[in-house]
Amino acid sequence: MKFIISSTYMLKNLQTLGGVINNNNTMPILDNFLFELDHNSLKISASDLETTMCSALDVESSDQGKIAVPARLLLDTLKSFPEQPLTFHKLDNHTIEISSEQGKYALAYANAEDFPSPVSIEDPSQTVLVGDILATAINKTIFATGNDDLRPVMNGVFFRFTPEALIFVGTDAHKLVKYSRTDIKADKPAEFIMPKKPLNLLKGVLLGSEEDVQIEFNESNAKFSFENLELTCRLVDGKYPNYEAVIPQENPNTLTIDRSLFLSSVRRVSIFSNKTTHQIRLKIAGAELNISAEDLDYSNKAEERLTCDYQGDDLTIGFNSKFLTEMLNNLNSEDIKIKMSLPNRAGILTPVDGLEEGEHITMLVMPVMLGNQ
């Protein structure tokens, strides 16, 4: 088994696949890339049992064969080469030799038969999405997901495809983001929960891509195919909470404000907030927004005044500045709207501008109860 490949071309593809491999694998074989050579095509796979990613690379070869190659060692070796052709040659002594312009390097390989077989998706539903749209949907929702092992359904992003729209939701019970596209529709309704790790891998590869991504899924697994890559993952098992029920419908108080101005102010004031609650207070009356924070343990306090457009009753409400900052950071609009009703009801944050046709974002942030209202 012998093939020739460009060093930088191989490194670029392997760095993407390397994101699948865990630092502490339960099975030693998972520390390897699986190489499957079929003449001029080399298929490389990486897996952690839950997620498998494959890439098809063009090589010069007339051979066939498969082996498992140590991932970390191969990546470190490739990073040290300038652009050049490399020759990989499988030897009889259970090693694979890499020949470069500088010299020769031998790596011990493992048996390809020990590598886990990819999951085949029986009777899948299908839909097609442009790569950048999928990456944007992931980007806008993944930060709002949880990290609670007791509630695994909240640790992933909920995908809901309907004949009216595609909807993506992330929540950790304190904040919620609903991202929808009414310009893209599915043939038949479907829903599933995607875990965080494969979503981060997809986001990294697809951002800015105009390529179509084919999504196939059934009740337990999903497969994403695009360009020369294929990602298969196990879905999160369980029923997603009824997110529509927590979005308040009656919000008579509306605050409209410049996003970057508001974000800068929240960031500054939050430095003086309690390090456990991260609580900041918004006091709105007329066209004035007063943002304040206080850490009684250390006698630290801060207060800022901003001019805003406000329609509604005078209101004082507390929010977790960390959550508010994350949400404001994830919007591209110049102005934002916060709709509120009472100090103990969730605030709804939406961008005023900066959205494409058919693109909708609703962000919900739970209030922090203020002690001395």
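See above for the structure.
Right, let's walk through the structure included here. What you see is a predicted model, and the numbers here were worked out from it, not measured in a lab.

Read across the open sheet, the four strands follow the order E20-E19-E18-E22; overall the sheet is antiparallel. Strands with a single pairing partner mark the edges of an open sheet, and in this sheet they are strand E20 (300-307) and strand E22 (315-320). Between one strand and the next, the sheet's axes are offset by a mean angle of 20 degrees, whatever the strand orientation. Bridge count between strand E19 (residues 288-295) and E20: eight bridges; the pairing is antiparallel. Paired with Asn-290 across the strands is Arg-305, a residue of E20.

Right, let's talk about the packing of helix H6 (residues 259-270) against helix H7 (residues 321-329) for a bit. Put simply, H6 and H7 touch, their axes get as near as 10 Å, and they point 155 degrees apart. On the basis of the axis angle, H6 is roughly antiparallel to H7. Between H6 and H7 lies a crossing whose hand is left-handed. On H7, the residues touching Arg-259, Phe-262, Leu-263, Val-266, Arg-267 and Ser-270 of H6 are Ser-321, Leu-324, Thr-325, Leu-328 and Asn-329. Partitioning the contact of H6 with H7 into residue classes produces five nonpolar, four polar and two charged.

Moving on, we come to the pairing of E19. Of all the eight residues making up E19, six are buried; the element is thus mostly covered by neighbouring parts of the structure. Where E19 folds back on E20, the antiparallel hairpin that results is connected by four residues, among which Ser-299 adopts a positive phi of roughly 55 degrees.

Rules used throughout
- Every chain's residues receive numbers from 1 upward, in the order its sequence appears when written.
- Totals for whole chains, interfaces and linings use all residues, but because this is a predicted model, local features are given only for residues with pLDDT of at least 70 and pairs of side-chain atoms are given and counted only at 80 or more.
- For the side-chain quantities, the full set of heavy atoms in the structure was used; hydrogens and water were omitted.
- DSSP bridges decide pairing: two strands pair if at least two such bridges lie between them.
- Helix numbering and strand numbering both begin at the N terminus, where a helix is a DSSP run of H or I of at least 4 residues and a strand a DSSP run of E of at least 2.
- Angles run from 0 to 180 degrees between N-to-C directions of axes, and those axes are lines fitted to C-alpha atoms, restricted for helices to the stretch in contact.
- Should an angle fall under 35 degrees it is taken as roughly parallel, and over 145 as roughly antiparallel, whereas 65 to 115 is taken as roughly perpendicular and any remaining angle as oblique.
- Two helices cross in a left-handed way if the nearer one is turned anticlockwise from the farther one by less than a right angle. They cross in a right-handed way if the turn is clockwise.
- In this analysis, two residues are considered to be in contact whenever any of their non-hydrogen atoms come within 4.5 Å of each other.
- Note on residue categories: nonpolar means Ala, Val, Leu, Ile, Met, Phe, Trp, Tyr, Cys or Pro, charged means Asp, Glu, Lys or Arg, and polar means any other residue, Gly included.
- Type-normalised accessible area, obtained with a 1.4 Å probe on protein chains alone, sets the label of each residue: buried when under 20%, exposed when over 50%, and partly exposed for intermediate values.

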